Each structure stands twice: as structure tokens, then as C-alpha cells.
Amino acid sequence: MTIIRSADNEQFIKLAKVALISAGVWTMPITENRSVAFAFKIYSLFMKGSFVMYFSPLFAETIRLIIFKYDMDVILASVGVLFNASKIMLKVFIYLKYHILEHFEDVIEKERALWNSDNEELKALYRTKVRHCNVFVITVFTSSLMAVTALQLSGAFTAFELAEYSKANNITIEPHVMYQSLFPFSKLDNIYWWLASQALWWWVGLSYNTMTHAVFAILLIYSATQLEILQIRLRNCIEPEFSETPNQMLIKEKVVLLRKVTQDHKYVINYVNHFNECTKYAILLEFLLTSLDTASVSVNIIKMKGAELSWLLSFLVLLVMQISLIAWTCNEIQVQSMAIADAIFASRWYCLLDKEAIAYVHFMIVRAQKPLLMTIGPFGPMTTASALMVFKAAYSYVSIMKE
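Residues numbered from 1 in each chain as written. Predicted model: local features only at pLDDT ≥ 70, side-chain atom pairs only at ≥ 80, totals over all residues. Heavy atoms only, no water.

Per an unreviewed UniProt entry, the protein chain is named Odorant receptor, and its organism is Dendroctonus ponderosae. Regarding the protein chain, the UniProt comment filed under Subcellular location (unreviewed entry) reads as follows: "Cell membrane". (UniProt positions renumbered as here; feature names shortened; annotations may be inferred.)

Following the UniProt record, one finds the feature "transmembrane region" (unreviewed entry) at residues 74–96, 135–160, 200–225 and 309–328. Helix and strand shares over residues 135–160 are 100% and 0% respectively, and the end C-alpha atoms of the span are 37 Å apart. This span, residues 309–328, is 100% helix and 0% strand, and a straight line between its end C-alpha atoms measures 29 Å. (Helix = DSSP H or I, 4+ residues; strand = E, 2+ residues; numbered from the N terminus.)

Right, let's talk about the side chain of serine 223 for a bit. Secondary-structure assignment places serine 223 in helix 6 (residues 191–235). In terms of polar contacts, serine 223 uses its side chain to reach the backbone carbonyl oxygen of leucine 219, at 2.9 Å. Among all residues touching serine 223, those that are not within four sequence positions of it are Val268, Tyr271, Val272 and Ile333. (Polar contact = N/O pair within 3.5 Å; in protein donor to acceptor, adjacent residues only side chain to side chain. Contact = heavy atoms within 4.5 Å.)

Next up on the list: the packing of aromatic side chains. Evaluation of the coordinates by the stated rule reveals 16 aromatic pairs. The interplanar angle of 55° and the centroid separation of 6.2 Å between the aromatic rings of tryptophan 26 and phenylalanine 104 together place this pair among those described as tilted. Here the residue tryptophan 26 occupies a position in the loop between helix 1 (14–23) and helix 2 (34–67), and phenylalanine 104 occupies one in helix 4 (residues 103–116), the gap between them amounting to 78 residues. Residue tryptophan 26 shares its accessibility class with phenylalanine 104, and that shared class is buried. For the pair tryptophan 115 and tyrosine 126, a centre-to-centre distance of 5.5 Å together with 85° between the ring planes defines the contact as edge-to-face. In this pair, tryptophan 115 sits in helix 4 while tyrosine 126 sits in helix 5 (residues 120–169), placing the two residues 11 residues apart along the sequence. Per residue, the accessibility class of tryptophan 115 equals that of tyrosine 126, and both read buried. (Phe/Tyr/Trp six-rings, centres within 6.5 Å; stacked < 30°, edge-to-face > 60°. Buried < 20%, exposed > 50% of the residue type's maximum accessible area, 1.4 Å probe, protein only.)

This part covers the packing of helix 2 against helix 3 (residues 72–97). At a minimum axis distance of 9 Å, the contact between helix 2 and helix 3 shows a crossing angle of 150°. By the angle between their axes, helix 2 is roughly antiparallel relative to helix 3. Between helix 2 and helix 3 the crossing geometry is left-handed. In this structure, helix 2 contributes Phe51, Tyr54, Phe55, Leu58, Phe59, Thr62, Leu65 and Ile66 to the contact, and helix 3 contributes Val74, Ile75, Ser78, Val79, Val81, Leu82, Ala85, Ser86, Ile88, Met89 and Val92. Residues belonging to the contact of helix 2 with helix 3 are distributed by class as follows: 16 nonpolar, 3 polar and no charged. (Axes fitted to C-alpha atoms, helices over the stretch in contact; angles between N-to-C directions. Parallel < 35°, antiparallel > 145°, perpendicular 65-115°, else oblique. Left-handed = near helix turned anticlockwise from the far one by under 90°. Nonpolar A, V, L, I, M, F, W, Y, C, P; charged D, E, K, R; others polar.)

Another aspect to go through is the pattern of salt bridges. Overall, the coordinates contain 11 salt bridges when judged by the stated rule. For glutamate 61, the salt bridge is made with arginine 64, and the minimal N-O distance between the two is 2.9 Å. Of the two residues, glutamate 61 and arginine 64 are both situated in helix 2; the distance of 3 residues between them amounts to about one turn of the helix. On the accessibility criterion, glutamate 61 (1% relative accessible area) is buried. The class of arginine 64 is partly exposed, set by a relative accessible area of 22%. (Salt bridge = Lys/Arg side-chain N within 4 Å of Asp/Glu carboxyl O.)

Pasting the structure below:
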């Protein structure tokens, strides 16, 4: 039987779900209406096929430009777009291979349990995190929209100018604008068909870029939120009025609560470690390419004028926003995992004169000594300091390129 989940339990992933549906990769049922479900299935197949087609012509065109020894600026522009498409494809491959998208079911189940609880402090925290998630997805979508739209509009403007010039002078010109993907016919002679294909690449690039960043960030914010929830539960575990000589029934209740918190702490640790193992090389690729792209774009901004300048500025904003938001979400995991020890200290656990309770506390204290980390491949943690390293590296690249 198909289970349709209530939207009330999907507030955390609401906008991420929209991004996943737009990319055609949402894995859970979206409606009980069979016609709508079938239409989405067709749309999903279309988007997945378009994504493969999006990458393949980019790769083929880059190879063609290299073989026929086109101008180096043209080749580098094509390689830059290809690398970014490869980065998106790698993330999609990771999400599918390791069933990352299925983790949204855990998010929904945890959210349902939270709304059914009577802890208003936890609910208030969760509402704040929901707002963070919405802001993140809107920011990524808006910056992506600005970048790809500026790329296409500036390219279309240039293409129409070249088409008029080509027609007036009866010469053939090959435009190298927008997505430099292989097109089997003359681009300017078939300009409207070419622009239609570019519109498809615009939608595919926008939806998949937004989706891959939204999935990564939402799951990290979810993990950090679970750690913050554990902190609140630990601090409230032993009330201030709890007697140092309570009855055994009350002690047993606290022991059961500590056991559940210990199990949830272990769950979050395993979850983050598994997610890191799956995505650490994608983070490494993001780190390296963002450094190179930021430097390359910065150098081109100095040289460019006119319509192309707007696209470069939009792309620079996108790069800065993406790496900053990734660094912040990764850093939050580290900060909140280390705060578990402080929450234990504030919990007055020493009032429980019970060996089992003290053992659970010791387990959590020991685990909290090792912070949870999202790593840049094998090279160290991804934090806000790492984002600053990206910008410093980009500045160094700019200095070298200018020389």
C-alpha cells in the first residue's frame, strides 16, 4: 500500500522537496492521484534523460574544441562549464549510489515524533531550523537562477548580434556563448532551435544545481539539529528540584531516558560519519573547483565589459554563496557535536546515584570528546575557516593569472 505522508511533517524539507521534484528525483509518493503520479514518473524520466544529454554534448563539444585547437579562452570557458557539470553529476551519482535521498524518510519520521511531543522548547528550536532550511534553499535557488539566466540572456543577446552580422556580410560565424554544447547544425542558421535547446539546458542546470546543494545542506542541518535537540534533552533530563535521594521508580525513569538519549547520540554519530564517507570527495571537488572558478571569474571580470559582465558577477555571487553555506553547515556539525559535553555537564547527572545511569553519561562524554566532522576528502575538516582558505587561494590564483 502506498503511504502518502502529511505535509505537516515535511516542514523541514518542504523547499528541498520542491527542488527534488523539479529535478525529477523525488523518491517517495507525492500524491494519491494516479494521473498526477504517472505524469511525474514521465517527467522524472525526461529530466534524468535530459541531465545525461546535458552532460554528454558539453563533453563532446569540449573535446571538439581541443582537437581543432580553438582559442584558449574558448576552450577554458568550455572546460569550466564541463567541470561544474561533472561536479553536479558526481553528487547525483553519490546520492543514488548510497541512497542518500532515502534519508528524507528519517527526517520526516523524526519531525512527526517531535510535533507529537509536548516539549515546546524543542518545537521552538525546530521552527527556527525550518526557517534556516528555507532561507538556505531560497538563497541557493536565487543565486543559481541569477547566474544561469544572466549566462543565457547575455549569450542570446550576443547570438542575435552575430546572426545579424553574419547575414549582412554573408559569412559563417560560430558563436561560443551560453552552454557550449555540441549542436549538429549551424547554430546561427537554426538559432531558434538552438535557443530552445539552451532553454532546456537552463532548466536542467538550474534544477540540478539547486537540488544537489539543497540535499547536502538540509541533511547536514538536520544532523546539527538532532545534536541540538540532544543537548536540550540532556540539560532537562535532571530537573533542578530533583532530590539527591529520590525514590527508585524515579531513578529508573531517568535511566530509561538517558539510555534513549545515548542511543540517539550514537545514531547521529553513525549518520554523520556515514554521510561524510559518502560525500567527502564531492566536498573536495567543490573546494578545488570553487577556488579555481572564483579566481578565473575574478580575472575575467577585470577584463570583460557589457552583457557578459553581468553573467560573471552573478556566477561569482553563486560561487561565494555556495561555498559559504556549505562551510557553515559543515562547521555547525562540529560545533554542536562538541557542545554535547557541555550539555551533559549542565544536566546535574551526578544526582543520579545509579551505576547504569553514570555509565551512559560516561559513554556520551567519551564520544563527545571527538568532534563530528565533514572532511575535504582525506585532507581535514570542512569549516568556515576552509571557506576563507578558498577565497585566499582564489586571490593567489588571481595574482598569478594577472602576471
